[in-house]
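So you can see what is in the structure, the chains are spelled out below.
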Amino acid sequence: MGKLPVDVEKVLDKYISMLHERLPNSLEGFYLQGSIALDAYVDGSSDIDFIAIINRRLSEREMRVLSEIHRTIANTYPKPEMDGVYLMWADIGKLEAVETNYPFYNGGKLGYGVHYNAISWWILKTNGINILGPEPTSLNFKINTQHLISYVVENMNSYWTGRIQKIELAMEDMPQLLAKEIDDEIEWSVLGLLRQYYTLKEHGIISKLDAGEYALLHLPEEWHPIIQEAIDIRNGAKRESSSSDRERMEAVLRFSKYIIDNCNSSLIPKTKIS
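Every value quoted in this text rests on a predicted model; they were computed, and no experiment measured them.

A word on the pattern of salt bridges. A full pass over the atoms with the stated rule returns 14 salt bridges. For glutamate 81, the salt bridge identified is with lysine 79, shortest N-O distance 3.8 Å. Two residues, arginine 248 and aspartate 245, come together in a salt bridge whose shortest N-O distance is 3.2 Å. In this pair, arginine 248 and aspartate 245 both sit in helix α9 (residues 245–267), three residues apart, roughly one turn of the helix. Under the relative-accessibility criterion, arginine 248 is labelled buried at 5%. Through salt bridges with shared partners, a single network forms among Asp183, Glu229, Asp245 and Arg248.

This next bit is on the layout of surface pockets. When its volume is computed, the second largest pocket comes out at roughly 340 Å³. If you trace the second largest pocket, you find 17 residues lining it, with Pro225, Ile226, Glu229, Ser241 and Ser243 closest to the centre. Those elements giving two or more residues to the lining of the second largest pocket turn out to be α8 (224–234) and α9. At six residues, α8 tops the list of elements feeding residues into the lining of the second largest pocket. Here the residues of the lining of the second largest pocket sort into five nonpolar, three polar and nine charged.

What counts and what doesn't
- Residues numbered from 1 in each chain as written.
- Predicted model: local features only at pLDDT ≥ 70, side-chain atom pairs only at ≥ 80, totals over all residues.
- Heavy atoms only, no water.
- Salt bridge = Lys/Arg side-chain N within 4 Å of Asp/Glu carboxyl O.
- Helix = DSSP H or I, 4+ residues; strand = E, 2+ residues; numbered from the N terminus.
- Buried < 20%, exposed > 50% of the residue type's maximum accessible area, 1.4 Å probe, protein only.
- 1 Å grid on protein atoms, 1.4 Å probe; cavity = no way out; pocket = protein on both sides within 12 Å on 5 of 7 lines; lining within 4 Å.
- Points joined across faces, edges and corners; volume = space filled by probe spheres on them.
- Nonpolar A, V, L, I, M, F, W, Y, C, P; charged D, E, K, R; others polar.

Structure follows, in structure tokens:
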């Protein structure tokens, strides 16, 4: 990828400057992954997905300072939002966490947890952008197709299956949802599952938008309307729909079940891992 989007540069310049000032000598590496690294950044929609490398576990006081830094950045630049994790060099490439006290920032809040996975490492190794630190390709960890496929299969049959079941149970509460909440769910579910479909079929990772376009070429036409709607929402070019909100969500449910069933029955057993 060439030059970073201007709004991303502004956020990162301010953030890194504040981090060096408020938490000096702590930041040793800073890498971009996600849509920016995949050259699929969408203004007003994409986040700044990052992996920050720090040289020590942060104390409670330092965590408060870090939270204040993120709060200042979010108040100054509401968009794009930052979304990432703080690790040490020894944590890079780990597929199984031995602890869960890794600081991460997501949804406007700083917390602790495991906020990385095989997809994070795959994108970092193959497409990552270093703002600070060695080139991603030179980092000392390995990630292969086996890791990627295993993670996607498990995630599809746990997180995504569970999410679809929750949506089904909540259908009666549909009238209480705001239009934006429904749009967000359509975009998240349809394009999120299509990224997994692409990974299982092609053994790689692409952006949400690219996964949508790929699906239009490879899936039956009956699914094209809901796929195109998700693409339009992601692009900020939503069109008027003749369907009710309930009908739109029912279409999401049918599509999600189709993708999960299709992957489990057709792609996973035939996956040949290199």
